[in-house]
Every structure is written in structure tokens, then in C-alpha cells.
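Breakdown of the fold
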Amino acid sequence: MFSHIMIGTNDLDKAKTFYDNLLSTIEVRPARVDGHRIFYITKTGVFSVSKPINGEPATCANGGTIGFACNSPEQVDAWHAAGLAAGAKSIEDPPGVRQGPGGKLYLAYLRDLDGNKICAMHRMAN
């Protein structure tokens, strides 16, 4: 359904360092830099961080969340720990199991350096 997700940043270098560290925990290679944007390209999609092209400050979406798929609860925990170490803020409940409409999920939530709400999720066997 989605070809890519792009969020804004006010500091591309800090965002690249943050997301390179964070996404390495889920086996994503460091970003490719393309001028005012960085791209994380995988076989399942593209995640990008960009300085706004209109020159205005980047702001985060109110009510928006970007979720990253993980292979295990341990990978979710590593993702969360890497984010905290890189300056993110933990939000909502601590990483752990939640019951969702589709079954049990292991989730962790962060606010990145620009305030974007991001999530790591592992779908657990029921």
C-alpha cells in the first residue's frame, strides 16, 4: 500500500546519526544522503527524513505514528535502548506486550529528536 514514508527534520546531520543508530538494530543499512534528504531503502519500503523544501521549520504530526517492524521482543528492546542512547524520549508505557485487535504485540514508543512519534512492533504468536 505504501511506497515510502517521509518525515521532516530541522537538523539533517543529527537525524542521520540518530536514525542510522536506531535502524541498525532492525538490520537497516545507514542512510544514503541526497542533498537535503536521507533515505533508508529496504526490500519492504523506503523511510526518508528531509529538511522541508519550503524552508519553513519541520514540525511533527499530531496523532501520527510511524511503526518499524521487528523480528523479536529483543529487537524491539534494542531499538528502544538505541533510541534513548541517541537522545530520543520514551513515551507511553515501557516496552512490553499489549493486546491489540489482531493479537498480542510487543511495542515500544519514542519521540525522535524532532518530536516525531515512532514505534517498534513485533507481532507475537497467540
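Naming follows an unreviewed UniProt entry, where the protein chain appears as VOC family protein of Bradyrhizobium symbiodeficiens.

Here we look at the nonpolar core
One finds Tyr 19, Leu 23, Tyr 40, Phe 47, Phe 68, Trp 79 and Ile 118 to be the most contacted residues of the largest nonpolar core, which totals 25 residues. Among the secondary structure elements, those contributing two or more residues to this core are helix 1 (12–24), strand 3 (37–42), strand 4 (45–50), strand 5 (66–69), helix 2 (73–85), strand 8 (103–111) and strand 9 (117–123). The element contributing the most residues to this core is helix 1, with six residues. The residues contacting Ile 118, other than those within four sequence positions of it, are Phe 18, Tyr 19, Leu 22, Ile 66, Phe 68, Trp 79, Ala 108, Tyr 109, Leu 110 and Asp 112. Formed by five residues, the second largest nonpolar core is a distinct cluster that contains Ile 91, Leu 105, Leu 107 and Tyr 109.

Digging into the packing of aromatic side chains
All chains considered together, the criterion is met by five aromatic pairs. Seen in terms of ring centroids, Phe 18 and Tyr 19 are 4.9 Å apart; in terms of plane orientation they differ by 90°. Their pairing is edge-to-face. For the ring pair Tyr 40 and Phe 47, a centre distance of 6.2 Å and an interplane angle of 35° mean the geometry is tilted. What makes Tyr 40 buried here is its relative accessible area of 1%. With relative accessibility at 7%, the residue Phe 47 sits in the buried group. Among the aromatic residues, ring-to-ring pairing joins Phe 18, Tyr 19, Tyr 40, Phe 47, Phe 68 and Trp 79 into one connected group.

About the criteria used
Residues numbered from 1 in each chain as written. Predicted model: local features only at pLDDT ≥ 70, side-chain atom pairs only at ≥ 80, totals over all residues. Heavy atoms only, no water. Core = buried A, V, L, I, M, F, W, Y, C linked by side-chain atoms within 4.5 Å. Buried < 20%, exposed > 50% of the residue type's maximum accessible area, 1.4 Å probe, protein only. Helix = DSSP H or I, 4+ residues; strand = E, 2+ residues; numbered from the N terminus. Contact = heavy atoms within 4.5 Å. Phe/Tyr/Trp six-rings, centres within 6.5 Å; stacked < 30°, edge-to-face > 60°.

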